[in-house]
Amino acid sequence: MIPMVDLKTQYHALKQEIDAAVLEVLENTQFILGPNVNALERETAEYLGSPHAVSCASGTDALHLALRAAGIGPGDEVITTPFTFIATAEAIRYVGATPVFVDIDPSTFNIDVDAIEAAITPRTRCVMPVHLFGQPADMQAIMTLCEAHGIVVIEDCAQSFGASVDGRMTGSIGAYGCFSFFPSKNLGGYGDGGLITATTEEAANALRCLRNHGSHVRYHHDIIGYNSRLDEIQAAILRVKLRHIDRFNNERRRVAHRYNELLAGSGVVTPHEDGKGVHVFHQYTLLTERREQVMQALQKEGIGCAIYYPIPLHRQKAFADVFADVKLPVTEDVTARCLSLPIYPEMSDTQIVSVTDVIRTALG
Ligand SMILES: *Cc1c(COP(=O)(O)O)cnc(C)c1O
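Residues numbered from 1 in each chain as written. Predicted model: local features only at pLDDT ≥ 70, side-chain atom pairs only at ≥ 80, totals over all residues. Heavy atoms only, no water.

## Description of the site of the ligand
Taken together, 16 residues lie around the ligand, and Gly59, Thr60, Gln159, Ser180 and Lys185 are the ones closest in. Residue Gln159 places a side-chain N or O atom 2.8 Å away from an oxygen atom belonging to the ligand. Residue Lys185 places a side-chain N or O atom 2.9 Å away from an oxygen atom belonging to the ligand. Contact with the protein chains removes 92% of the 380 Å² of surface that the ligand exposes when unbound. The cavity that encloses the ligand is the largest pocket. Breaking the shell around the ligand down by element, the ones donating at least two residues are helix H3 (59–69) and helix H4 (87–94). Ranked by the residues each element gives to the shell around the ligand, the list is headed by H3, at 3 residues. The residue inventory of the shell around the ligand, partitioned by class, reads 6 nonpolar, 8 polar and 2 charged. (Near = heavy atom within 4 Å. Polar contact = N/O pair within 3.5 Å; in protein donor to acceptor, adjacent residues only side chain to side chain. Areas by Shrake-Rupley, 256 points an atom, 1.4 Å probe, with all protein chains shown as cover. 1 Å grid on protein atoms, 1.4 Å probe; cavity = no way out; pocket = protein on both sides within 12 Å on 5 of 7 lines; lining within 4 Å. Sits in = over half its atoms within 2 Å of the grid points. Helix = DSSP H or I, 4+ residues; strand = E, 2+ residues; numbered from the N terminus. Nonpolar A, V, L, I, M, F, W, Y, C, P; charged D, E, K, R; others polar.)

Rendered as structure tokens:
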């Protein structure tokens, strides 16, 4: 049995630290917006090299609050990738704006910068690149393009905590960076959680206000906001895990590179690293013409595998009204052939070899 992710092994390795941190919160009984949330925001801002970090209740909320803080709303177009989790585009709809899906790069699976440029209209207010599977999007080209057009960049960093590009952490480059602490993410809590980085004090204050009922001062409400706070127990757990994040990401890279080595010549297309930064392998996603066959062989041996993502967003029923006739050939081709293998920092070499043996035999 090899699962897609193994959260239990990691918990057992960190049990003493995590249990102590959680018990301290239970003793303090300050559960909302307390010392751990403040410390986590300080520590993540420093780690990411961003002037401000504001935590919130989920990665989806992080995207929603960033769009609100940026003033994106009805009539505005937001260009993003269709090859991502639904939350990226849901957030665009939450604020009443229109998502515009453009095609992806066939080798990195990230948004195609030429396709962004071709889709810009006078209504384009924002571009939301996703650092998919832990590989940074081409931020230098995206920032140059968007700065020239006065377009706000909001990075979806839900899969890229600790990834960097051109020497900068993802989330510290655009006006906002949105992170998820969903348990299976590279930095995962034991429940839902999220975080937004911001480049200006004004934006950070707007985010703090939005996440806490539109309030800066208790019982004084300047705007209609939300209840979207990270709780102290999650913050305490995340502070423990943050101390180990570089090691976790390095271990993920070890697993990915070992997979590459063992799958060379097997007929699958192993993930391409574009060399512009550090890919943190939230997922290890290959391409194969014989996906069904590989999946069946893995499942038969009790090895996890998954299709991220089986239906691109422009083909989802939720967007059928706008995108019925849109064709994005690269996305559709990748969708038909992609397959993600188990990957987590604690994965042993024996486990990696078992996975690749099954794949090689299935394709042999
Ligand atoms: C996980 C994820 C989100 C949403 O995060 P939640 O914390 O689950 O709300 C958004 N975008 C991408 C690309 C994700 O992978």
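Still to come is the rest of the account.
## Quick word on the environment of Cys157
Locating Cys157 in the fold gives a position in the loop between strand E5 (152–156) and strand E6 (164–165). Considering only alpha carbons, one finds Cys157 and Thr98, 59 residues apart in sequence, at a separation of 21 Å. Apart from residues lying up to four places away in sequence, Cys157 is in contact with His131, Thr170, Gly171, Gly177, Cys178 and Phe179. (Contact = heavy atoms within 4.5 Å.)

## A closer look at the sheet that holds strand E12 (residues 277–278)
Strand order across the open sheet formed by 3 strands is E7-E6-E12, with antiparallel pairing between neighbours. Every other strand in the sheet has two partners, leaving strand E7 (168–169) and E12 as the edge strands with one partner each. In terms of strand pairing, E6 meets E12 through 2 bridges, oriented antiparallel. Residue pairing in the sheet places Ser164 in a bridge with Val278 of E12. (Pairing = 2+ DSSP bridges.)

## Some remarks on the packing of aromatic side chains
One pass over the full model with this rule turns up 14 aromatic pairs. Where Phe101 meets Phe319, the ring centres are 5.4 Å apart and the plane angle is 80 degrees; that geometry is what we call edge-to-face. Taken together, the positions of Phe101 in strand E3 (residues 98–101) and Phe319 in the loop between helix H10 (291–300) and helix H11 (320–323) put the pair 218 residues apart, joining distant regions of the chain. Judged by centre distance (6.1 Å) and plane angle (80 degrees), the ring pair of Phe109 and Phe133 falls under edge-to-face. Of this pair, Phe109 sits in the loop between E3 and helix H5 (113–119) while Phe133 sits in the loop between strand E4 (124–128) and helix H6 (139–149), and the two are 24 residues apart along the sequence. In this structure an aromatic cluster arises from ring pairing among Phe83, Phe109, Phe133, Tyr308 and Tyr309. (Phe/Tyr/Trp six-rings, centres within 6.5 Å; stacked < 30°, edge-to-face > 60°.)

## A word on the side chain of Asn212
By the element assignment, Asn212 lies in the loop between helix H7 (201–211) and strand E10 (215–217). A relative accessible area of 19% means that Asn212 is categorised as buried. Those residues in contact with Asn212 that sit more than four places away from it in its chain are Leu33, Tyr226 and Arg229. (Buried < 20%, exposed > 50% of the residue type's maximum accessible area, 1.4 Å probe, protein only.)

## Notes on unusual backbone geometry
Cis geometry is adopted by the peptide bond preceding Tyr309, which originates at Tyr308 and carries an omega value of 5 degrees. Although it is not a glycine, Thr29 sits at a positive phi angle of roughly 55 degrees. Tracing the sequence through the fold places Thr29 in the loop between helix H1 (7–28) and helix H2 (35–48). The phi dihedral of Phe109 falls on the positive side, at around 70 degrees, and the residue is not glycine. Given a relative accessible area of 7%, Phe109 falls into the buried group.

## Thoughts on H3
Most of H3 sits out of view: 8 of its 11 residues are buried. Along H3, the residues that are buried comprise Gly59, Thr60, Ala62, Leu63, His64, Leu65, Ala66 and Leu67. At the N-terminal boundary of H3, the capping side chain belongs to Ser58, with an oxygen 3.3 Å from the backbone nitrogen of Thr60. A positive phi of about 75 degrees marks Gly71, the residue just after H3.

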